[in-house]
Amino acid sequence: MKYYRSHVLIGISDAALQAGVKEFETALRNELAKKNLQDEINILETGPLGFFGKGICLTVYPENIQYTDVKIEDIAELVESHFLKGRPVKRLLFEEALKGQVNFNYANRIVLKNSGIIDPENIEEYIGAGGYEALEKALLKMQPNDVIAEVKKSGLRGRGGAGFPTGLKWSFTAPIDADQKYIVINADEGEPGTFKDRLIMEGDPHILLEGIALAAYAVGATKAIIYIRGEYKLCIERLRKAIAQAVEYGILGDKIFGTEFSLAIDIKVGAGAYVCGEETALIESLEGNRGNPRWKPPFPGVKGVWQKPTVVNNVETIANVPFIIRNGADAFLQHGPAKSSGTKVYTLMGDIARPGLCEVDMGTSLRTIINEFGGGMKKGIKFKAALVGGAAGVFLPDRMLDVNMDFESLKEYAAVLGSGAVLVMNENTDIVDMLWSVLRFFRHESCGKCSPCKLGTALLYDLISKIKKGEGTMADLDQMVMVAEMMQQTSFCALGQSPIMPIKSALDNFRYEFEARLNK
Amino acid sequence: MYEKIFAKYEPTKDNLIYILHDIQDEHPQHYLSEDAVQRVSEYLNVPVNHIYGVITFYTMYSTKPRGNNIIRLCESPPCYLKGSDNIYKKLKTVLGVKAGETTADGLFTLEFCACLGVCGNAPVMMINDDVYGNLTEESVVTIIEKIRGGK
Ligand SMILES: Cc1cc2nc3c(=O)[nH]c(=O)nc-3n(C[C@H](O)[C@H](O)[C@H](O)COP(=O)(O)O)c2cc1C
Ligand code: FES
């Protein structure tokens, strides 16, 4: 093996591709060759690096230096100064822009521990980082029930929104005697403001595949389907490559590691409908139907795809499983409070200094997440509110920022962890406008199957539009709450049960803004 | 074209969504014609009304001819916060069409869409398979001009 002095990781994300990262890479290689450095400096493509500059971002190891927004014109200086003379180019440094306010928290990561560090298109790098050890351990030394017991003990709860205990979910499906069982991975990720699953899949596709294999072994499934939204082209491409490599290495396919366990993983692409993220609607979509949700029970764990027992789990949920099996439930329980163990990946956006993602222990306060991991507010502007959990989330004011982000603590605030989206708004943001945008989303995404949601979302949109225009009355505010409460009680699925969350939190915390807009 | 696409998929109903995707992508006007629906119905042995039910459910399908370039501007809250409505106004003037319409030269169709999962770079739009982020009123003009020039 060659010995390289430094490794340059180029983050290949959609934003980077758009900024011409491919041409950049070629130009960088040429420049290194010109200076005869091609055998000393290694260039690697990796997933998104976890921070969002505008465009091309680089990390250089072992120095651990981040560059952001690098252009082709900068290459000559970069090579000359950094790679030849060992002096990092100050003006391109990421830290410089944010005065060192950034915490990448790598040491504490579970789900994203490899993202931005390994080449996601090379299975050997995943294996080199301890990948597939958990699968080997499970298949050779553990019974399926042991795997379930370990996941149960870890306290892992679903990261797709509802927080259902994962081990418990698996334990419903495992004992069922069926000729075919399925694992379905929910990678539909439609909650506005959420892109964590995309970054997990782009940055480390094998961690998902290993988790799927563990889940399949645990419940006795031999087929798995990843249902992924059509817009995630890079994820789809990377997952396809990863599956092909794993099959080639005998890690997926027939008789894995010489055992009787076989598994085939397939990728299915969605066609653009938020409701298809709801697990039974997703199953309908997989079968080639309109994505209308099904009645529960029977739950998918008993009757899912083609009426066969099916475990549906979110991408992030499953990406935790390799860690739990490899290091044991106790190691997982070291992270977060007892009833919400582990870490959580958040996507931070809006008027925040560093939009991007972070993975922190459950129970970390929202204030810490925003200030320490998001770099605080953009320079010179003040915080007003955060919309936490996406459209089906809640508006939180400053005085609620010290809430600990875990399933139990949020319940006390009548809030939910949801998908982990944190949208930060500045002091000039119009909350009425923002709620209007949220309700427009629901109106568009209601699937139309049940009347409370179909009619309710339209009515809510009409009411908020009237208020936004300054034509609303006190009675309209009351009616909004009444309609949303009625929808919460009577809608067929959680989509129609959700609008009450943003409405109630907006009115509870920012009522004066609504009242000021009324036509008195 | 149909034969080539059908050859990739077993004639089972669960392949409907993918077959429709492929046909629509192949068509220069990115839509599903009556003829296409008829052919798919025969191949899969699925009634035409089921197929229309599916097409009208998912936002990525269209039964109307569209432009060569489909612009999908995200209107979800994070992009809205970052000024997607100003981007929409700009696009309307540059293209001379509203959302849901196609330019007279058949080059562009303007549409709204929900969150594309690229909110770190809001406001965002997609043109066919490409994502464009951190949009400004200036940058959208450049992007459109570039496509116009390169047709
Ligand atoms: C309208 C709606 C949209 C949803 N969207 C998603 C989604 O995009 N991704 C996801 O994992 N779960 C989504 N869910 C939750 C799923 O129904 C389901 O609870 C989840 O996939 C279970 O996985 P978990 O236990 O690992 O969280 C959605 C639910 C509803 C009601
Ligand atoms: S809100 Fe526009 S991409 Fe997510």
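Residues numbered from 1 in each chain as written. Chains lettered and ligands numbered in written order. Predicted model: local features only at pLDDT ≥ 70, side-chain atom pairs only at ≥ 80, totals over all residues. Heavy atoms only, no water.

Undergrad: Please explain the sheet that holds strand 1 (residues 69–74) of chain B as it appears in this structure.
TA: To summarise the sheet geometry, strands pair through backbone hydrogen bonds and adopt either a parallel or an antiparallel arrangement. All names here are of chain B. Reading across from one edge, 2-1-3-4 is the order of the 4 strands in this open sheet, with mixed pairing throughout. The open sheet has two free edges, formed respectively by strand 2 (108–113) and strand 4 (130–132), since each of these has just one partner strand. The sheet shows a mean angle of 25 degrees between the axes of neighbouring strands, taken without regard to direction. Where strand 1 and strand 2 come together, 6 bridges link them in parallel fashion. Following the sheet pairing, I70 is matched in strand 2 by T109. Contacts between helix 6 (residues 84–95) and the sheet are confined to strand 1, strand 2 and strand 3 (125–127), with strand 1 contributing the most and set at about 155 degrees to the helix. Strands strand 1, strand 2, strand 3 and strand 4 of the sheet are contacted by helix 7 (residues 137–149), whose axis makes an angle of about 5 degrees with strand 3. (Pairing = 2+ DSSP bridges. Helix = DSSP H or I, 4+ residues; strand = E, 2+ residues; numbered from the N terminus. Axes fitted to C-alpha atoms, helices over the stretch in contact; angles between N-to-C directions. Contact = heavy atoms within 4.5 Å.)

Undergrad: I keep staring at the site of ligand 1 and nothing clicks. Help me out?
TA: Residue and element names in this part refer to chain A. Taken together, 18 residues lie near ligand 1, and G160, N186, N313, N314 and T317 sit nearest. N314 has a polar side-chain atom sitting 2.7 Å from an oxygen atom of ligand 1. In the model, an oxygen atom of ligand 1 is placed 2.7 Å from a nitrogen or oxygen of the T317 side chain. Summarising the interface, the protein chains cover 90% of the accessible area of ligand 1, which totals 620 Å² for the free molecule. Those elements that provide at least two residues to the shell around ligand 1 are strand 8 (310–314) and helix 21 (494–497). With 3 residues, strand 8 is the single largest residue contributor to the shell around ligand 1. Grouping the amino acids of the shell around ligand 1 by side-chain chemistry returns 4 nonpolar, 8 polar and 6 charged. (Near = heavy atom within 4 Å. Polar contact = N/O pair within 3.5 Å; in protein donor to acceptor, adjacent residues only side chain to side chain. Areas by Shrake-Rupley, 256 points an atom, 1.4 Å probe, with all protein chains shown as cover. Nonpolar A, V, L, I, M, F, W, Y, C, P; charged D, E, K, R; others polar.)

Undergrad: I would appreciate a short explanation of the domain arrangement of chain A in the present structure.
TA: A common way to report how large an interface is uses the accessible area buried once the components associate. What the domain assignment lists for chain A is domain 1 (6–102), domain 2 (114–333), domain 3 (343–425) and domain 4 (431–517). The centre of domain 1 of chain A, based on its C-alpha atoms, is set 30 Å off from the matching centre of domain 3 of chain A. (Domains from an automatic or database assignment.)

Undergrad: I would appreciate a short explanation of the layout of surface pockets in the present structure.
TA: It is the rolling of a water-molecule-sized probe over the atoms that shows where space remains empty. Empty space within the second largest pocket amounts to approximately 980 Å³. Surrounding the second largest pocket, 36 residues form its lining, A:A15, A:L17, A:Q18, A:A19 and B:Y132 being those nearest its centre. Secondary structure elements with two or more residues in the lining of the second largest pocket: helix 1 (14–18) and helix 11 (233–248) of chain A together with strand 4 and helix 7 of chain B. The element contributing the most residues to the lining of the second largest pocket is helix 7 of chain B, with 5 residues. Here the lining of the second largest pocket is built from residues that sort into 14 nonpolar, 8 polar and 14 charged. (1 Å grid on protein atoms, 1.4 Å probe; cavity = no way out; pocket = protein on both sides within 12 Å on 5 of 7 lines; lining within 4 Å. Points joined across faces, edges and corners; volume = space filled by probe spheres on them.)

Undergrad: What am I meant to see in the environment of A:E427 here?
TA: Residue and element names in this part refer to chain A. Mapped onto the elements, E427 comes out in the loop between strand 13 (421–426) and helix 18 (431–445). In this structure, the C-alpha to C-alpha distance between E427 and D351, residues 76 residues apart in sequence, is 9.9 Å. Setting aside residues up to four positions removed in sequence, E427 forms contacts with K382, F383 and K384.

Undergrad: Please explain the packing of aromatic side chains as it appears in this structure.
TA: Residues and elements named next belong to chain A. Per the stated rule, a full pass over the model turns up 14 aromatic pairs over all chains. Measuring from centroid to centroid gives 5.1 Å for Y126 and Y132, while their planes differ by 80 degrees, and the two rings are edge-to-face. When the centroid spacing of 6.5 Å and the interplanar angle of 50 degrees are considered together, the rings of F510 and Y512 count as tilted. Taking relative accessible area as the criterion, F510 reaches 2% and is therefore assigned buried. (Phe/Tyr/Trp six-rings, centres within 6.5 Å; stacked < 30°, edge-to-face > 60°. Buried < 20%, exposed > 50% of the residue type's maximum accessible area, 1.4 Å probe, protein only.)

Undergrad: It is not clear to me how the nonpolar core should be interpreted in this structure. Could you clarify?
TA: As a rule of thumb, soluble globular proteins bury nonpolar side chains together. All names here are of chain A. W170, I212 and I228 are the most contacted members of the largest nonpolar core, which has 173 residues in total. The element contributing the most residues to this core is helix 10 (residues 205–219), with 11 residues. Excluding its chain neighbours within four sequence positions, the residues that come into contact with I212 are I183, I185, A224, I226, L263, I265 and I318. Counting residues in each nonpolar core, the second largest holds 25 residues, with V21, V70, V79 and V89 among its members. (Core = buried A, V, L, I, M, F, W, Y, C linked by side-chain atoms within 4.5 Å.)

Undergrad: Would you explain the pairing of strand 12 (residues 394–397) of chain A in this entry?
TA: If a strand is regular, its side chains alternate between the two faces of the sheet. Residues and elements named next belong to chain A. Here strand 12 shows two buried faces, one formed by V394 and L396 and the other by F395 and P397. Pairing geometry for strand 11 (residues 383–388) and strand 12, over 4 bridges, is antiparallel. Along strand 12, the bridge assignment pairs V388 with V394. In sequence, strand 11 turns back onto strand 12 through a hairpin of 5 residues, with G389 there showing a positive phi of about 100 degrees.

Undergrad: When you look at the pattern of salt bridges in this model, what are you seeing that I'm missing?
TA: Pairs can form between side chains of opposite charge whenever their charged atoms are close. As enumerated under the stated definition, the model contains 47 salt bridges over all chains in all. Measuring nitrogen to oxygen at the nearest pair gives 3.4 Å for the salt bridge that ties A:D351 to B:K82. Of this pair, A:D351 sits in the loop between strand 9 (343–350) and strand 10 (356–361) while B:K82 sits in the loop between helix 5 (77–81) and helix 6, each in a different chain. In this structure B:K82 comes out as partly exposed when scored by relative accessible area, which is 23%. (Salt bridge = Lys/Arg side-chain N within 4 Å of Asp/Glu carboxyl O.)

Undergrad: Explain the confidence of the model for chain B here, please?
TA: Regions with low pLDDT carry predicted coordinates that are not meant to be interpreted in detail. Residue and element names in this part refer to chain B. The share of residues in chain B with pLDDT of 70 or more is 99%, and the mean pLDDT across the chain is 95. Mean pLDDT values over the elements of chain B span from 87, in strand 4, up to 98, in helix 6. Both scores are available for the predicted complex, with the pTM at 0.90 and the ipTM at 0.95. (pLDDT = per-residue confidence, 0-100.)

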